[in-house]
Amino acid sequence: MQKNILITGVGKRIGLYLAKAFLARGHRVLGTFRTHYPSIDALAELGADLYQCDFTDQAQLDELIQTLKLRYQGLDALIHNASLWLSDDDPVGVDGVISQMMQVHVYAPYQLNLALAPLLQNRETMTDIIHLTDYVAQKGSKKHIAYAASKAALENMTLSFAGKLAPQVKVNAIAPALICFNEDDDEDYRDKARAKSVLAREGGETEVLQAIDYLMQSQYVTGSSLALDGGRHLK
Ligand SMILES: NC(=O)C1=CN([C@@H]2O[C@H](COP(=O)(O)OP(=O)(O)OC[C@H]3O[C@@H](n4cnc5c(N)ncnc54)[C@H](OP(=O)(O)O)[C@@H]3O)[C@@H](O)[C@H]2O)C=CC1
Ligand SMILES: Nc1nc2c(c(=O)[nH]1)N=C([C@H](O)[C@@H](O)CO)CN2
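As the structure is a computational prediction, the values presented were derived from the model and not from experiment. (Residues numbered from 1 in each chain as written. Chains lettered and ligands numbered in written order. Predicted model: local features only at pLDDT ≥ 70, side-chain atom pairs only at ≥ 80, totals over all residues. Heavy atoms only, no water.)

Caption draft 1: Inspection of the environment of Ala 77 at higher detail. Along the chain, the position of Ala 77 falls in strand S4 (residues 77-80). Classification of Ala 77 as buried rests on a relative accessible area of 0%. Along the primary structure Ala 77 and Gly 11 are separated by 66 residues, whereas in three dimensions their C-alpha atoms are 18 Å apart. Apart from residues lying up to four places away in sequence, Ala 77 is in contact with Asn 4, Ile 5, Leu 6, Leu 120, Asp 128 and Met 216. (Helix = DSSP H or I, 4+ residues; strand = E, 2+ residues; numbered from the N terminus. Buried < 20%, exposed > 50% of the residue type's maximum accessible area, 1.4 Å probe, protein only. Contact = heavy atoms within 4.5 Å.)

Below you can see the structure in the form of C-alpha cells.
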C-alpha cells in the first residue's frame with residue numbers, strides 16, 4: 001500500500017538515502033530541503049514532492065505547515081532527519097549556535113508534530129513519527145554542547161508525543177553514533193571515530209533505513225529510542 005512519508009532534510013546523505021529508498025518502494029515522499037542541490041532535482045524526477053524550508057526561519061516554517069495541511073489529507077510517517085552539526089566554537093557565535101540548534105532540532109519538530117498530528121491520525125492503520133536524535137543526547141559532548149542538548153530535548157519530546165498521540169500514532173527515536181563520515185573527515189579522525197565503539201566501524205545509511213522499517217512495521221513499540229552506535233556505550 002502506498003504511504004505518504006514526510007522526511008525533513010532530503011538534500012544529502014541520510015535524508016537523501018531514505019527519500020530514494022522509499023520512492024523506490026513506490027511510496028509518496030514529501031521532502032523538505034534547505035539548499036537546492038542537484039539531488040533535489042533528481043528527487044523531483046523520481047516523483048518526490050519537495051518543499052524548500054529553512055527551519056531557522058519561522059515564516060518559512062509557518063508557510064510549510066499551511067501548505068502541507070492544505071495539500072494532504074493524511075500522513076503515514078513523519079521522519080525528523082534535518083539537522084545541523086554545529087560545534088560550540090562555530091564562527092556564528094554561541095548565541096547563534098544554541099538558537100540554531102534549538103530551532104532545527106526542537107522548535108521545528110515540535111511545531112510540525114503538533115500541526116500535522118491530525119493528518120497522522122487520519123489513517124486506518126497506526127502511523128509513525130520518528131526523531132533522528134544522537135548517541136550524545138544521553139552522553140553529552142564537550143565540543144557540541146548545544147547540539148547534544150538540543151538532541152536531548154528531541155529525545156525527551158519522543159516520550160511526550162508518544163503519550164499524547166497514542167494509540168493512533170507511534171512516536172520513537174533513533175539515536176545513531178557514527179553512521180557516515182563527512183567528506184572532509186581525514187583518516188586520523190576516521191580511525192579515532194571508529195575506535196570509539198566496540199564494533200569499530202561506520203554504521204552506514206542502511207542501518208537507519210532498517211531501524212525505520214522496524215519501527216514502522218511494529219504494532220507495539222512507542223516511546224522508545226533505538227541505539228545505532230556499534231556498542232559505543234560499552235567502551
Ligand atoms: N551522519 C552521522 O554519522 C550521524 C547522524 N546523526 C543524525 O542523523 C540525521 C542525518 O544525519 P546526516 O545525513 O549526517 O545530516 P547532514 O548534516 O549531512 O544533513 C542534514 C540535512 O538537514 C538539513 N538542514 C540543516 N539545517 C537546516 C535548516 N536550518 N533547515 C532545514 N534543513 C536543514 C541539511 O540541509 P543543507 O544541506 O542545506 O545544510 C541537510 O540536508 C541528523 O539528524 C543527524 O544529527 C546522528 C549521529 C551520527
Ligand atoms: N547533522 C549532523 N549530525 C551529525 C553528523 C553530521 O554529519 N550531521 N555527524 C556526526 C558524526 O558522525 C559523529 O557522530 C561522529 O563523528 C554526529 N551528528
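Caption draft 2: Expanded view of the site of ligand 2. Taken together, the neighbourhood of ligand 2 is formed by Arg 13, Ser 83, Leu 84, Trp 85, Asp 134, Tyr 147, Ala 177, Leu 178, Asn 182 and Tyr 189. One of the side-chain nitrogen or oxygen atoms of Tyr 147 is found 2.9 Å away from a nitrogen atom of ligand 2. Measuring from an oxygen atom of ligand 2, one finds a backbone N or O atom of Ala 177 at 3.4 Å. (Near = heavy atom within 4 Å. Polar contact = N/O pair within 3.5 Å; in protein donor to acceptor, adjacent residues only side chain to side chain.)

Caption draft 3: The arrangement of the confidence of the model for the protein in detail. In the predicted model, the protein carries a mean pLDDT of 98, and the fraction of residues at 70 or more is 100%. Our summary of model confidence lists the complex with pTM equal to 0.99 and ipTM equal to 0.99. (pLDDT = per-residue confidence, 0-100.)

Caption draft 4: Spotlight on the pattern of salt bridges. All chains considered together, the criterion is met by 7 salt bridges. The shortest N-O distance in the salt bridge between Asp 213 and Arg 25 comes to 2.7 Å. Of this pair, Asp 213 sits in helix H8 (residues 205-217) while Arg 25 sits in the loop between helix H1 (13-24) and strand S2 (28-33), and the two are 188 residues apart along the sequence. For Asp 213, a relative accessible area of 25% corresponds to the partly exposed category. What makes Arg 25 partly exposed here is its relative accessible area of 42%. One continuous salt-bridge network, built from bridges that share partners, spans Glu 187, Asp 191 and Arg 194. (Salt bridge = Lys/Arg side-chain N within 4 Å of Asp/Glu carboxyl O.)

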